[in-house]
Amino acid sequence: MSLTGKTAVVTGSNSGIGLGIARSLAQAGANVVLNSFTDREDDHALAAEIADDAGVTARYIRADMSKGEDCRALIEQAGACDILVNNAGIQHVAAIDAFPADKWDAIIAINMNSAFHTTAAALPMMRAAGWGRVINVASAHGLRASPFKSAYVTAKHGVVGMTKVVALETAQEPITCNAICPGYVLTPLVEAQIPDQMKTHNMDRDTVVREVMLARQPSKEFATVEQIGGTTAFLCSDAAAQITGTTISVDGGWTAM
Ligand code: NAD
């Protein structure tokens, strides 16, 4: 499969799954736009490294996905957006009656509202180009709930709903919109949850990983960023042209239960 000549914008792509997706799309030939809210030298260096490795154009654009105007500016500054991957996300774990309101607002803004703004800005570009792919990185938590993750589960279910609506609105165009629902992938976001989970459950690290985090992942293995990247590249391929409005789980069997 070749994505040569296509431009992919991947939100939240200076680490973890977003970076894995950007690497996979670049390896498939796409020019990529990396994004985060940080604008560090390292962010630009990552783009240069991807460009060198894959022989494509890669750029880093700073934009804060908690702000609607930044989301839209990211797409405008990219100049082209054939493939939009809405990946930026954060997490906070707390019981709902103790859930800080500012954390709730940030999770809803970054994990859900950003996809509305970027999609709204990108669709006219895809229509003008005559081809487009919108891929939302949701979660097994877009399909199932867990205690202590109210904002995250709410946002991810919202993203799965938005995926279906965008698919229906673009159904008769050469544009598809799907959501990938990973189970646990060992990234900085998951790593950061381990101390909280250890405290909440009063367990050591290994026990919390096996019995709490991977308790619902029957494979007992974390998914990898390369697997999520490969799934994203597949959704961009011609084989996936009639796949739209659906979710693809990459969760070691979690949602089979
Ligand atoms: P991560 O912390 O490694 O990456 C999150 C990315 O989002 C980073 O690049 C970060 O810079 C970016 N980001 C955060 N706030 C931002 C903001 N305000 N503006 C712009 N960028 C911002 O986490 P990850 O595990 O790679 O998560 C990526 C996505 O995958 C998230 O949407 C997450 O919910 C989803 N996901 C992760 C897992 C998992 O197990 N890791 C499972 C299911 C879904």
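The structure presented is a predicted model; accordingly, all values stated were derived computationally and were not measured. (Residues numbered from 1 in each chain as written. Predicted model: local features only at pLDDT ≥ 70, side-chain atom pairs only at ≥ 80, totals over all residues. Heavy atoms only, no water.)

Time to look at the site of the ligand. Near the ligand you find 31 residues, and of these Asn14, Asn87, Tyr152, Val185 and Thr187 are the closest. Here an oxygen atom of the ligand sits 2.6 Å away from a polar atom, N or O, in the side chain of Asn14. Against a free-state accessible area of 820 Å², the protein chains account for coverage of 93% of the ligand. The cavity where the ligand resides is the largest pocket. Residue assignment for the shell around the ligand shows that the elements contributing at least two residues are α1 (16-27), β2 (31-36), α5 (150-169) and α6 (188-201). (Near = heavy atom within 4 Å. Polar contact = N/O pair within 3.5 Å; in protein donor to acceptor, adjacent residues only side chain to side chain. Areas by Shrake-Rupley, 256 points an atom, 1.4 Å probe, with all protein chains shown as cover. 1 Å grid on protein atoms, 1.4 Å probe; cavity = no way out; pocket = protein on both sides within 12 Å on 5 of 7 lines; lining within 4 Å. Sits in = over half its atoms within 2 Å of the grid points. Helix = DSSP H or I, 4+ residues; strand = E, 2+ residues; numbered from the N terminus.)

Here we take up the domain arrangement of the protein chain. Here the domain parsing of the protein chain yields domain 1 (7-183 + 224-256) and domain 2 (186-222). On a C-alpha basis, the centres of domain 1 and domain 2 stand 24 Å from each other. Facing the 18 residues of domain 1 at the interface are 11 residues of domain 2. Both faces combined, the contact of domain 1 with domain 2 buries some 1,100 Å², and carbon together with sulfur accounts for 57% of it. (Domains from an automatic or database assignment. Contact = heavy atoms within 4.5 Å. Buried area = accessible area lost by both parts, 1.4 Å probe.)

The next thing to look at is empty space enclosed by the protein. In this structure the tally under the stated criterion is 1 cavity of 30 Å³ or more. Taken as a whole, the largest cavity spans an internal volume of roughly 60 Å³. Looking at the largest cavity, the residues that line it are Thr11, Asn86, Asn87, Ala88, Ile110, Asn111, Ser114, Ala115, Asn136, Val137, Lys156 and Val159. Looking at the lining of the largest cavity, the elements with two or more residues in it are α4 (101-129), β5 (132-137) and α5. The leading source of residues in the lining of the largest cavity is α4, at 4 residues. (Points joined across faces, edges and corners; volume = space filled by probe spheres on them.)

Moving on to unusual backbone geometry. The backbone of Asn202 sits at a positive phi, close to 55 degrees, despite the residue not being glycine. Here Asn202 shows up in the loop between α6 and α7 (205-213). Overall, the relative accessible area of 73% leaves Asn202 in the exposed class. (Buried < 20%, exposed > 50% of the residue type's maximum accessible area, 1.4 Å probe, protein only.)

Counting 35 residues, the largest nonpolar core has Ile21, Leu25, Ile50, Ile83 and Val85 as its most contacted members. Residue assignment for this core shows that the elements contributing at least two residues are β1 (7-10), α1, β2, α2 (41-54), β3 (58-62), β4 (83-86), β5 and α8 (225-235). With 6 residues, the single largest contributor to this core is α1. Among residues more than four places away in sequence, those in contact with Ile50 are Leu19, Ala22, Arg23, Ala26, Val32, Leu34, Gly55, Val56 and Ala58. (Core = buried A, V, L, I, M, F, W, Y, C linked by side-chain atoms within 4.5 Å.)

Put simply, α6 and α7 touch, their axes get as near as 10 Å, and they point 95 degrees apart. On the basis of their axis angle, the class for α6 and α7 is roughly perpendicular. Across from Val190, Glu191, Gln193, Ile194, Gln197, Met198 and His201 in α6, the residues of α7 making contact are Arg205, Val208, Val209, Val212 and Met213. A class-by-class count of the residues in the contact of α6 with α7 yields 7 nonpolar, 3 polar and 2 charged. (Axes fitted to C-alpha atoms, helices over the stretch in contact; angles between N-to-C directions. Parallel < 35°, antiparallel > 145°, perpendicular 65-115°, else oblique. Nonpolar A, V, L, I, M, F, W, Y, C, P; charged D, E, K, R; others polar.)

Moving on, we get to the layout of surface pockets. In this structure, the largest pocket encloses a volume near 740 Å³. Residue lining of the largest pocket: 37 residues in total, with Asn87, Ala88, Gly89, Ile90 and Leu189 positioned closest to the centre. The set of elements that each furnish at least two residues to the lining of the largest pocket consists of α1, β2, α5 and α6. Examining the composition of the lining of the largest pocket, we find that 4 residues originate from one element, α6, more than from any other. Residues of the lining of the largest pocket, tallied by class, amount to 17 nonpolar, 17 polar and 3 charged. Split by domain, the lining of the largest pocket shows at least three residues from each of two domains, domain 1 (7-183 + 224-256) and domain 2 (186-222). The calculated volume of the second largest pocket comes to roughly 200 Å³. Looking at the second largest pocket, it is lined by 13 residues, and the ones nearest its centre are Ser146, Pro147, Gln197, Val212 and Arg216. When grouped by side-chain class, the residues that make up the lining of the second largest pocket number 8 nonpolar, 3 polar and 2 charged.

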